[in-house]
Amino acid sequence: MRRLVVTSVLLSMMLMVSHFALAHTEGHLATLTPPNGGQLRASGPFHLELVAKDGELTLYITDHGDSPIPTSGGQGKANIQAGKEGKRQSVVLEPVYANIMKAKGDFQITPETTVAVFLAIPGYETQGATFMPLASNGEGGEHHHHYDHDAAGEESNKHTH
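Within any chain, residue numbers begin from 1 and follow the written order of that chain's sequence. For this predicted model, a pLDDT threshold of at least 70 governs which residues receive local features, and a threshold of 80 or more governs which side-chain atom pairs are given and counted, while totals over whole chains, interfaces and linings are taken from all residues. For side-chain calculations, the full set of non-hydrogen atoms in the structure is used, while hydrogens and water are omitted.

Trainee: Describe the pattern of salt bridges, with residues and values.
Mentor: The working definition used for a salt bridge is a side-chain nitrogen of Lys or Arg within 4 Å of a carboxyl oxygen of Asp or Glu. For the structure on display, the rule yields 2 salt bridges. For the salt bridge of Glu 56 with Lys 102, the shortest nitrogen-to-oxygen distance reads 3.6 Å. With a gap of 46 residues between them, Glu 56 in strand S3 (residues 56-63) and Lys 102 in strand S6 (residues 100-104) connect regions that are remote in the sequence. Exposure is judged per residue with a 1.4 Å probe applied to protein chains only, and the accessible area is read against the type maximum: over 50% gives exposed, under 20% gives buried, and values in between give partly exposed. A relative accessible area of 29% places Lys 102 in the partly exposed class. The closest approach of N and O atoms between Lys 104 and Glu 56, which form a salt bridge, is 3.4 Å. On the criterion of sequence distance, the pair formed by Lys 104 in strand S6 and Glu 56 in strand S3 is long-range, its members being 48 residues apart. Take Lys 104: its relative accessible area is 61%, and that puts it in the exposed class. Segments assigned H or I by DSSP are reported as helices when at least four residues long, segments assigned E as strands when at least two residues long, and all are numbered from the N terminus.

Written as structure tokens, this is what we have:
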């Protein structure tokens, strides 16, 4: 009887873990309507939603249960590139309110624009994600990256797919 209970518990845990893993894939995020009209990405423990307009980026950060992650004390950077051969610009993402970070700069958002976001929130490992802001929620981008930053703020990429 004890063996049956242990087996049942283990099977239940495996199902819960697999459901959790499936619930936070990019495919699943593509089926969701982003609450702020941006593009969603999963990155480590976060759901990131980027709303990009000419000259302004707004990043909303939540956990996998969609609870806000406070950005106070956090820092970030966004690399904006207008197509594969286009101009690349870096802007600083700064906490502005609750779970929101913003950046401003002299850039245009086009269908070819990619935005690579690097984010350091106190209490979490540094994370990053790549967005194509004018693509649909499920298209474009690279996801689930962990980044280490050196003192100059340069990143080295460790894929955690």
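Trainee: Could you give an account of the nonpolar core, naming the residues involved and the relevant values?
Mentor: Of all hydrophobic cores here, the largest spans 22 residues; its most connected members are Leu 48, Leu 57, Leu 59, Ile 61 and Leu 119. With 4 residues, the top contributor of residues to this core is strand S2 (residues 46-53). Once residues lying within four places of it in the same chain are set aside, the contact partners of Leu 57 are Leu 50, Val 51, Ala 52, Ala 78, Ile 80, Val 91, Met 101, Lys 102, Ala 103, Phe 107 and Val 115. Take the buried residues of types Ala, Val, Leu, Ile, Met, Phe, Trp, Tyr and Cys, join any two whose side-chain atoms come within 4.5 Å, and each joined set is a nonpolar core. A contact between two residues is defined here by any heavy atoms of the two lying within 4.5 Å.

Trainee: Run through the environment of Ala 116, naming residues and quoting values.
Mentor: Inspection of the secondary structure assignment puts Ala 116 in strand S7 (residues 113-120). In sequence terms Ala 116 and Ala 78 are 38 residues apart; their C-alpha atoms lie 5.5 Å from each other. Excluding its chain neighbours within four sequence positions, the residues that come into contact with Ala 116 are Lys 77, Ala 78, Asn 79, Ala 129 and Thr 130.

Trainee: Describe the side chain of Thr 71, naming the residues involved and giving the relevant values.
Mentor: Tracing the backbone shows Thr 71 in the loop between S3 and strand S4 (75-82). A polar contact of 3.3 Å, which involves the side chain of Thr 71, links it to the backbone oxygen of Ile 100. Sequence-distant contacts of Thr 71, that is, excluding residues within four places in its chain, are made with Ile 61, Pro 95, Tyr 97, Ala 98, Asn 99, Ile 100, Met 101 and Ile 121. Any pair of nitrogen or oxygen atoms within 3.5 Å is treated as a polar contact; in protein, a donor-acceptor pairing is required on top of that, and neighbouring residues in sequence qualify only through side-chain atoms on both sides.

Trainee: Hey, could you go over the pairing of strand S1 (residues 39-43) for me, with residue numbers and the actual values?
Mentor: Side chains on a regular strand alternate between the two faces of the sheet. Burial of S1 is extensive: 5 of the 5 residues sit out of reach of the surface. The alternating pattern of S1 places Gln 39, Arg 41 and Ser 43 on one face and Leu 40 and Ala 42 on the opposite face, and all of these are buried. Note: S1 against S2, 5 bridges, orientation antiparallel. Bridging from a neighbouring strand, Leu 40 pairs with Glu 49 of S2. Any two strands with at least two DSSP-identified bridges between them are counted as paired.

Trainee: Give a description of unusual backbone geometry that names residues and reports values.
Mentor: In this model, Asp 66 sits at a positive phi of 65°, which is unusual for a non-glycine residue. Its location among the elements puts Asp 66 in the loop between S3 and S4. For Asp 66, a relative accessible area of 48% translates into the label partly exposed. Despite not being glycine, Ala 98 shows a phi value in the positive range, around 45°. Residue class for Ala 98 comes out partly exposed when judged on its relative accessible area of 43%.

Trainee: Would you mind going over the side chain of Thr 58 in detail, with residue names and values included?
Mentor: Inspection of the secondary structure puts Thr 58 in strand S3. Residue Thr 58 is classed as buried on the basis of its relative accessible area of 6%. Sequence-distant contacts of Thr 58, defined by excluding residues within four places in its chain, comprise Glu 49, Leu 50, Val 51, Ile 100, Met 101 and Lys 102.

Trainee: An account of the pairing of S2 is needed here, citing residue identities and associated values.
Mentor: The element S2 is largely enclosed, with a buried count of 7 among its 8 residues. Counting the residues between successive antiparallel strands, the hairpin from S1 to S2 contains 2 residues, one of them, Gly 44, with a positive phi of roughly 55°. One ladder, built from 8 bridges, connects S2 with S3; its direction is antiparallel. Within S3, the residue paired with Glu 49 across the bridge is Tyr 60. Where S2 hands over to S3, the hairpin turn is made up of 2 residues, of which Gly 55 adopts a positive phi near 80°.

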